[in-house]
Amino acid sequence: MIPEFDPLREDEIDVLLKAPVYVAILVAGADGKIDKMEQKQAIDVANSKKSRAREQLSDYYKIVGEKFEQHFYSLIDALPSGTDERTQAVSIELRKLNFILPKIDKNFGIKLYASLKDLAKKIAEASGGVLGYLSISYEEAKLMELRMIKEPS
């Protein structure tokens, strides 16, 4: 396992490992239904993190990537189908990071937070637009800042 996870309980590790999945679902579903194209884009963007993540996060994203797609689809099925209800449920899960990130290495926490925001932005940008213009919807723009997570400092 990742040395930064040593001070954490199993349930806290689970939250950290599913955080990118929740971010992907949050942003992909921001404008309503998560369609097949958004699902594929979210998985592709998340998988790209395995090879392009910051050095300290590479092991983290390798572990996340092993079950990302499985978790993505199972959580979509388990979460409420209504946009507002799903957004609220995902936000509750992501808020748990506010209690977990202070327990881990500060640099790791800061990089992970930045990486989750980057993931949210890439998924928002991937979901459409015309020739790259207006590719982020109003709903996605509101959520991609991940305001439910306090920036580690």
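See the structure printed just above.
Scope of this entry: the structure provided in the associated data block.

Turning to the overall build of the protein, a few remarks are in order. Looking only at helices and strands, the protein has 7 helices and 0 strands in total. Moving toward the C terminus, one meets the helices and strands of the protein in the order α-α-α-α-α-α-α. Relative to its length of 153 residues, the protein is compact, with a C-alpha radius of gyration of 15 Å against a globular reference of 15 Å. Counting only C-alpha atoms, the protein reaches 45 × 30 × 30 Å along its principal axes. Within the protein, the proportion of its 153 residues that are buried is 48%.

For any pair of aromatic rings, the description rests on two quantities: the centre-to-centre distance and the angle between the ring planes. Summed over the entire model, instances satisfying the criterion amount to 6 aromatic pairs. Where Phe5 meets Tyr60, the ring centres are 6.3 Å apart and the plane angle is 80 degrees; that geometry is what we call edge-to-face. With Phe5 in the segment before helix H1 (10-28) and Tyr60 in helix H3 (residues 58-78), this pair connects stretches of sequence that are 55 residues apart. An aromatic cluster is present here, built from Phe5, Tyr60, Tyr61 and Phe108 joined pairwise through their rings.

Take the side chain of Glu4 next. For Glu4, the location among the structural elements is in the segment before H1. Although Glu4 lies buried, it forms no salt bridge, and the closest oppositely charged side chain, Lys111, sits 8.4 Å away as judged by the N-O distance. Not counting residues up to four positions away in its chain, the partners in contact with Glu4 are Gln56, Ile104, Asp105 and Phe108.

A separate point is the layout of surface pockets. Gaps left between atoms show up when a probe the size of a water molecule is rolled over them. In this structure, the largest pocket occupies an estimated 150 Å³ of space. Every residue lining the largest pocket is listed: Leu97, Asn98, Leu101, Pro102, Ile104, Lys106, Lys150, Glu151, Pro152 and Ser153. Looking at the lining of the largest pocket residue by residue, the class counts come to 5 nonpolar, 2 polar and 3 charged.

Here we come to the environment of Ala46. With respect to the element layout, Ala46 can be found in helix H2 (residues 36-52). For Ala46, a relative accessible area of 8% puts it in the buried group. With residues near it in sequence (within four places) discarded, Ala46 still touches Phe68 and Leu119.

Each value, and the rule that gives it
- What you see as residue numbers is a count from 1 along each chain, following the sequence as written.
- Only residues with pLDDT of at least 70 get local features here, since the model is predicted, and only at 80 or more are side-chain atom pairs given and counted; chain-wide, interface and lining totals rely on the full set of residues.
- Computation of side-chain values covers all heavy atoms of the structure but excludes hydrogens and water.
- Put simply, DSSP marks the helices as runs of H or I at least four residues long and the strands as runs of E at least two long, and each gets a number from the N terminus on.
- The globule rule used for comparison is 2.2 Å times the number of residues to the exponent 0.38, while the radius of gyration itself is calculated over C-alpha atoms.
- We call a residue buried when its accessible area falls under 20% of the maximum for its residue type, exposed when it is over 50%, and partly exposed in between, using a 1.4 Å probe and counting protein chains only.
- Aromatic contacts are taken between Phe, Tyr and Trp rings whose centres are within 6.5 Å, Trp giving its six-membered ring; a plane angle under 30 degrees counts as stacked, one over 60 as edge-to-face, and the others as tilted.
- We treat Lys and Arg as the positive residues and Asp and Glu as the negative residues; His and chain ends play no part in the count.
- Basic side-chain nitrogens of Lys or Arg form a salt bridge, by our definition, when they fall within 4 Å of a carboxyl oxygen of Asp or Glu.
- Residue contacts are defined here by distance: any two heavy atoms, one from each residue, within 4.5 Å place the two residues in contact.
- Residues are called lining when one of their atoms sits within 4 Å of a cavity or pocket point, these points coming from a 1 Å grid over the protein atoms alone, where a cavity is a set in which a 1.4 Å probe fits but cannot get out and a pocket is an open set with protein on both sides within 12 Å along at least five of seven lines.
- Grid points are joined across faces, edges and corners, and a volume is the space filled by probe spheres set on the points.
- Residues were grouped as follows: Ala, Val, Leu, Ile, Met, Phe, Trp, Tyr, Cys and Pro as nonpolar; Asp, Glu, Lys and Arg as charged; and all remaining residues, including Gly, as polar.

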